[in-house]
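Reading the structure
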Amino acid sequence: MSAKAVSCTIKSPVALQIGDAVSDSSRPGVYITDITLAEPVNIQEISFKNYYTAYVTVRLQRRQGGSAKWVTCLRNYCLMSNPHAEAGSHDYFSIYRHQMLTEPDSVTTVRLILRQPSSEWLNFSIEEINIYPCAKEDSERDVPAWISTLTPVEEPLDLNGLPDPETVSSSIQQMWALTEIMQASQTAASIGRFDVDGSYDVKLLSYT
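As a starting point, this report considers the structure included with it. (Residues numbered from 1 in each chain as written. Predicted model: local features only at pLDDT ≥ 70, side-chain atom pairs only at ≥ 80, totals over all residues. Heavy atoms only, no water.)

In terms of regular secondary structure, the protein is built from 2 helices and 11 strands. Along the protein, helices and strands appear, N-terminal first, in the series β-β-β-β-β-β-β-β-β-α-β-β-α. The buried share of the protein, taken over its 208 residues, is 26%. Put simply, of all contacts in the protein between residues at least 6 apart along the chain, 73% involve residues at least 24 apart. Looking at the protein as shown, the accessible area adds up to about 14,600 Å², and 53% of this sits on carbon and sulfur atoms. (Helix = DSSP H or I, 4+ residues; strand = E, 2+ residues; numbered from the N terminus. Buried < 20%, exposed > 50% of the residue type's maximum accessible area, 1.4 Å probe, protein only. Contact = heavy atoms within 4.5 Å. Areas by Shrake-Rupley, 256 points an atom, 1.4 Å probe, with all protein chains shown as cover.)

Written as structure tokens, this is what we have:
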């Protein structure tokens, strides 16, 4: 990713314990990590390195009309094809804008919900989290110079010095009609060259 990652604060993971946390000593299967952004961001990509997390759900807090609203933009994204095996446990992943269920615009907080149903691993998390913004649409530094010289579609073409289109069309129609008349005349002449006073000349026919 060529863009620079946005400034953010990554909070410590919070475990979701099923049952009594004091009496139940089983390992928690769900962790929640909140990432607070320094300012509202239109997100293009979220990248991270996995550490034995099997699935991740992404929720976003978006600023809309002065209020904040939570939405789920990705649900149970698979990081390990088999939670009990090593495959994918230390891979790098990127979640892109087009993969999300809702547009990740004006985001103030990203919440990552991590799940690991297998008891094979003592701990699981994700590391090296980076969030990248969308490129600015009004930026002109990446636009080639030749594009700016193209004539916009909605701009009328300069027809100065060119003949009137309606006049050209009328002339073409007249030429087409004249051609049809000439072809009909040639056909009539070829048929009537043996016709003498309304009847056929036998001698002329016998010479052909």
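Take the layout of surface pockets next. Taken as a whole, the second largest pocket holds about 160 Å³ of empty space. Lining the second largest pocket are Val6, Ser7, Leu37, Ala38, Glu39, Pro40, Val41, Asn42, Pro133 and Cys134. The element best represented in the lining of the second largest pocket is strand E3 (residues 30–41), accounting for 5 residues. Class assignment of the residues belonging to the lining of the second largest pocket gives a composition of 7 nonpolar, 2 polar and 1 charged. (1 Å grid on protein atoms, 1.4 Å probe; cavity = no way out; pocket = protein on both sides within 12 Å on 5 of 7 lines; lining within 4 Å. Points joined across faces, edges and corners; volume = space filled by probe spheres on them. Nonpolar A, V, L, I, M, F, W, Y, C, P; charged D, E, K, R; others polar.)

The subject of this paragraph is the pairing of strand E8 (residues 107–115). Within E8, 7 of the 9 residues are buried, which leaves the element mostly enclosed by the surrounding structure. In the sheet, E3 pairs with E8 via 8 bridges, with the strands oriented antiparallel. Counted as the bridge partner of Thr33 is Leu112 from E8. Judged from the 8 bridges that link them, strand E5 (residues 55–64) and E8 form a sheet pairing that is antiparallel. (Pairing = 2+ DSSP bridges.)

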